[in-house]
Amino acid sequence: KAGVTQTPRYLIKTRGQQVTLSCSPISGHRSVSWYQQTPGQGLQFLFEYFSETQRNKGNFPGRFSGRQFSNSRSEMNVSTLELGDSALYLCASSSSGVNTEAFFGQGTRLTVV
Amino acid sequence: GEDVEQSLFLSVREGDSSVINCTYTDSSSTYLYWYKQEPGAGLQLLTYIFSNMDMKQDQRLTVLLNKKDKHLSLRIADTQTGDSAIYFCAERDTGGFKTIFGAGTRLFVKA
């Protein structure tokens, strides 16, 4: 069974640009969550999607957005990139998202220069 | 509010036991997790425990939960150099739709 796949693995962008990251969950999983990991802030929850609906959202500015498709794949978008957006972005999938195990992908390392 | 706290560093000798501690604030959390992150990698789920359990053992890993004190610990028996990593304690919020992570404990294993 394939794990959670995140693409791309590495990305370098300049300030002001926008970026889209992709996450393919484990087959059969319908919940996808996104997290930002930085040395200073640790792992911060961005948002969670289930069956194409956002069920929860963390405390991030509106520049951070996401969506989920009917095949459960999810994308997150960051517009008007800032240097502080440099981080490892992790995606987790779970079967229903309610008190179940969440499996993480390898992450996308975004560097904003 | 929701918060999970862990000590930042732990150093042990190979073959010794490691104990990583964590405290959490959300008493209604029903699942508590331990994840492992190796350099350059994502998070690997090591084990989890239901809030109605006191202990869970899985090979070299033992999880102890003191729900009254909101204290969770992970014991790694016979620690190996390959166990060197960052270990994250995490709780599921009451709605179940997000996971709150601690800052992570960096485990150093000396040969």
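Placed above this text is the structure.
Residues numbered from 1 in each chain as written. Chains lettered and ligands numbered in written order. Predicted model: local features only at pLDDT ≥ 70, side-chain atom pairs only at ≥ 80, totals over all residues. Heavy atoms only, no water.

Enquirer: Would you explain the overall build of chain B in this entry?
Expert: The helix and strand tally for chain B stands at zero helices and 11 strands. Overall, chain B shows an N-to-C arrangement of helices and strands of β-β-β-β-β-β-β-β-β-β-β. Whereas a compact globule of 111 residues would reach a radius of gyration of roughly 13 Å, chain B reaches 13 Å, a difference of no more than 12%. Principal-axis analysis of the C-alpha atoms places the extent of chain B at approximately 40 × 30 × 20 Å. Sequence separation of at least 24 residues holds for 55% of the intrachain contacts in chain B that already meet a minimum separation of 6. When the accessible surface of chain B is split by element, carbon and sulfur atoms take 49% of a total near 5,300 Å². Taken together, the 12 basic and 14 acidic charged side chains of chain B have centroids lying 2 Å from each other. (Helix = DSSP H or I, 4+ residues; strand = E, 2+ residues; numbered from the N terminus. Rg over C-alpha atoms; globule rule 2.2 N^0.38 Å. Contact = heavy atoms within 4.5 Å. Areas by Shrake-Rupley, 256 points an atom, 1.4 Å probe, with all protein chains shown as cover. Lys, Arg positive; Asp, Glu negative; His and termini not counted. Charge placed at Lys NZ, Arg CZ, Asp CG, Glu CD.)

Enquirer: Can you help me understand the interface of chain A and chain B in this one?
Expert: Interfaces are frequently sized by the accessible area removed from exposure as the parts join. Between chain A and chain B, the contact holds 21 residues from the first and 19 residues from the second. When chain A packs against chain B, the two sides together hide about 1,800 Å² of surface, and 52% of this comes from carbon and sulfur. Here chain A is connected to chain B by zero salt bridges. If you look at where chain A meets chain B, you find five residue pairs in polar contact (both at pLDDT 80 or more). Across the side of chain A that touches chain B, the residue classes break down as eight nonpolar, nine polar and four charged. (Buried area = accessible area lost by both parts, 1.4 Å probe. Salt bridge = Lys/Arg side-chain N within 4 Å of Asp/Glu carboxyl O. Polar contact = N/O pair within 3.5 Å; in protein donor to acceptor, adjacent residues only side chain to side chain. Nonpolar A, V, L, I, M, F, W, Y, C, P; charged D, E, K, R; others polar.)

Enquirer: How do you make sense of the side chain of Asp83(B) when you look at a structure like this?
Expert: All names here are of chain B. As for its position among the elements, Asp 83 is in the loop between β8 (71-76) and β9 (85-92). Judged by relative accessible area, Asp 83 falls into the buried class, the value being 7%. Within the structure, the side chain of Asp 83 is placed 2.7 Å from the backbone nitrogen of Gln 80, a separation counted as a polar contact. In this view, Asp 83 contacts Lys 36, Arg 60, Ile 76, Asp 78, Leu 107 and Val 109; residues no more than four positions away in its chain are not counted. (Buried < 20%, exposed > 50% of the residue type's maximum accessible area, 1.4 Å probe, protein only.)

Enquirer: Mind showing me how you'd approach the packing of aromatic side chains here?
Expert: We describe a pair of aromatic rings using the distance from one ring centre to the other and the angle between the two ring planes. Under the counting rule described, the total for this entry stands at 16 aromatic pairs over all chains. Ring centres of Tyr35(A) and Phe45(A) lie 5.6 Å apart, and the angle between their planes is 65 degrees; this geometry places the pair in the edge-to-face category. On the criterion of sequence distance, the pair formed by Tyr35(A) in strand β4 (residues 31-38) and Phe45(A) in strand β5 (residues 42-50) is long-range, its members being 10 residues apart. Comparing Tyr35(A) with Phe45(A) shows no difference in burial state: the two are buried. Relative to Tyr35(B), the ring of Phe104(A) lies with its centre 5.2 Å away and its plane at 85 degrees, an arrangement referred to as edge-to-face. In this pair, Phe104(A) is assigned in strand β10 (residues 103-104) and Tyr35(B) in strand β4 (residues 31-37), connecting two distinct chains. Of the two residues, Phe104(A) and Tyr35(B), neither departs from the other in class, the shared state being buried. (Phe/Tyr/Trp six-rings, centres within 6.5 Å; stacked < 30°, edge-to-face > 60°.)

Enquirer: Looking at this structure, how should I read the sheet that holds strand β7 (residues 64-68) of chain A?
Expert: Note on sheets: strands pair through backbone hydrogen bonds, and any given pair is parallel or antiparallel. Residues and elements named next belong to chain A. The strand order across the open sheet built from four strands is β1-β3-β8-β7, with neighbouring strands paired in antiparallel fashion. Across the chains shown, the open sheet's two edge strands, defined by having one partner strand only, are β1 (5-7) and β7. Each strand axis lies, on average, 15 degrees off the axis of its neighbour in the sheet, ignoring direction. Where β7 lies against strand β8 (residues 74-78), five bridges are found, and the strand directions are antiparallel. Counterpart to Gly 66 in the pairing with β8 is Met 76. (Pairing = 2+ DSSP bridges. Axes fitted to C-alpha atoms, helices over the stretch in contact; angles between N-to-C directions.)

Enquirer: Just to check I follow, could you spell out the state of the cysteines for this structure?
Expert: In protein chemistry, a disulfide is the covalent bond that joins the sulfur atoms of two cysteines. Inspection of the entire model under this criterion finds two disulfides over all chains. A disulfide bridge connects Cys23(A) with Cys91(A), and the sulfur atoms are separated by 1.7 Å. One disulfide, between Cys23(A) and Cys91(A), carries an S-S torsion of -50 degrees and so falls in the left-handed class. You can see Cys23(A) sitting in strand β3 (residues 19-24) and its partner Cys91(A) sitting in strand β9 (residues 87-94), a full 68 residues away along the chain. Residues Cys23(A) and Cys91(A) agree in their burial class; the two are buried. Bridging Cys22(B) to Cys89(B), the disulfide has an S-S length of 1.9 Å. Taking the sign of the S-S torsion, -60 degrees for the link of Cys22(B) and Cys89(B), the bridge is left-handed. Note that Cys22(B) is positioned in strand β3 (residues 18-24) and Cys89(B) in strand β9, a separation of 67 residues in sequence. The exposure classification of Cys22(B) matches that of Cys89(B), with both residues buried. (Disulfide = S-S within 2.5 Å.)

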